[in-house]
Amino acid sequence: MTTLLHIDASARPGLSGTHVHGSHSRRLSHHFVTTWRAARPDDEVIYRDIGATPPGNVTGEWIASGYTPAEQREPWMHAVLAESDALIAELRRADVLVIGVPMYNFGMPAPLKSWIDNIVRIGSTFDFDRSRENPYVPLLAERNRRTVLLTSCGSSGYGPGGFQAHLDLLTPGITAPLSLLGLNEVHSVAIEHAEDHGDLLDRSIASALARVEALVAGLQQAA
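Conventions we followed
- Residues numbered from 1 in each chain as written.
- Predicted model: local features only at pLDDT ≥ 70, side-chain atom pairs only at ≥ 80, totals over all residues.
- Heavy atoms only, no water.
- Salt bridge = Lys/Arg side-chain N within 4 Å of Asp/Glu carboxyl O.
- Helix = DSSP H or I, 4+ residues; strand = E, 2+ residues; numbered from the N terminus.
- Buried < 20%, exposed > 50% of the residue type's maximum accessible area, 1.4 Å probe, protein only.
- Pairing = 2+ DSSP bridges.
- Axes fitted to C-alpha atoms, helices over the stretch in contact; angles between N-to-C directions.
- Contact = heavy atoms within 4.5 Å.
- Parallel < 35°, antiparallel > 145°, perpendicular 65-115°, else oblique.
- Nonpolar A, V, L, I, M, F, W, Y, C, P; charged D, E, K, R; others polar.
- Phe/Tyr/Trp six-rings, centres within 6.5 Å; stacked < 30°, edge-to-face > 60°.

**Considering the pattern of salt bridges**
The tally for this structure, following the rule as stated, stands at 12 salt bridges. The closest approach of N and O atoms between R26 and D49, which form a salt bridge, is 2.8 Å. Taken together, the residues span a long stretch of sequence, with R26 in helix α1 (residues 24-39) and D49 in strand β2 (residues 44-49) at a distance of 23 residues. Residue class for R26 comes out buried when judged on its relative accessible area of 5%. On the basis of relative accessibility, which here comes to 21%, the residue D49 falls in the partly exposed class.

This is the structure in structure tokens:
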């Protein structure tokens, strides 16, 4: 059985094409999961809507607790890290990480940054060894976890080689910390032209939905 961890980060509720002002990224992520489950209904899906219920921000207390060895933590430290523990446990269970996220001001929404900050934790998901040329040691590399990044943006040209590629702070902001943990296989599908509407947006949505279906088929065949 394959476990999917499905995360939605959009502040918009609902799905575009179904709800007024619905989210394009939610539409893609839900299409991915629905298509996956149509072929493999027994696979597990863990769902977390961080757009509706954001994780807590990292605080000074969180940092002090995270950098204290587990056996030396006081009870309040375990309480501070409880949400982080839960988020990391979900990620550890996942074989496929599905992230639906819009681009906000060239980067990611704050809830997704908080989620990343909670799962990137020394001694838990990565370690640091100064004796190595690359001191970062991924602790989630014991098996191949695939990341599916389903995004939406207001215009076009943010992809590799695009005229606005230098402004894409969303994709590397997600893939770099995940790579630190050992999640290096990333598949991306984007809806563009969200602010253009009309035919440009319609064609982008249709293309993205078709690419999601092809991606599901490819990943299931590999699994």
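Having seen the structure, we can now continue with the description.
**A few points about the sheet that holds β2**
The five strands lie next to each other as β2-β1-β3-β6-β7, forming an open sheet whose pairing is parallel. Edge positions in the sheet fall to β2 and β7 (185-191), since each has one partner strand and no second. Ignoring which end each strand starts from, the neighbouring axes of this sheet average 15° apart. Across seven bridges, the pairing between strand β3 (residues 96-102) and strand β6 (residues 146-152) is parallel. Across the sheet, V101 pairs through a bridge with T151, a residue of β6. Strands β3, β6 and β7 of the sheet are contacted by helix α6 (residues 170-181), whose axis makes an angle of about 155° with β3. This element, helix α7 (residues 198-222), spans β6 and β7 of the sheet and lies at about 155° to β7.

**Points about the packing of helix α4 (residues 82-93) against helix α5 (residues 110-119)**
What describes two packed helices is the angle between their axes and the distance between those same axes. Here α4 crosses α5 at 85°, and the two axes come no closer than 8 Å. Considering the angle they form, α4 stands roughly perpendicular to α5. Counted together, S84, L87, I88 and L91 of α4 and W115, N118 and I119 of α5 form the full contact between these two elements. Grouping the amino acids of the contact of α4 with α5 by side-chain chemistry returns five nonpolar, two polar and no charged.

**Here's the deal with the packing of aromatic side chains**
All chains considered together, the criterion is met by four aromatic pairs. For the pair F106 and Y158, a centre-to-centre distance of 6.5 Å together with 55° between the ring planes defines the contact as tilted. In this pair, F106 sits in the loop between β3 and α5 while Y158 sits in the loop between β6 and α6, placing the two residues 52 residues apart along the sequence. Under the relative-accessibility criterion, Y158 is labelled buried at 10%. Among the aromatic residues, those joined into a cluster by ring pairs are F126, F128 and Y136.

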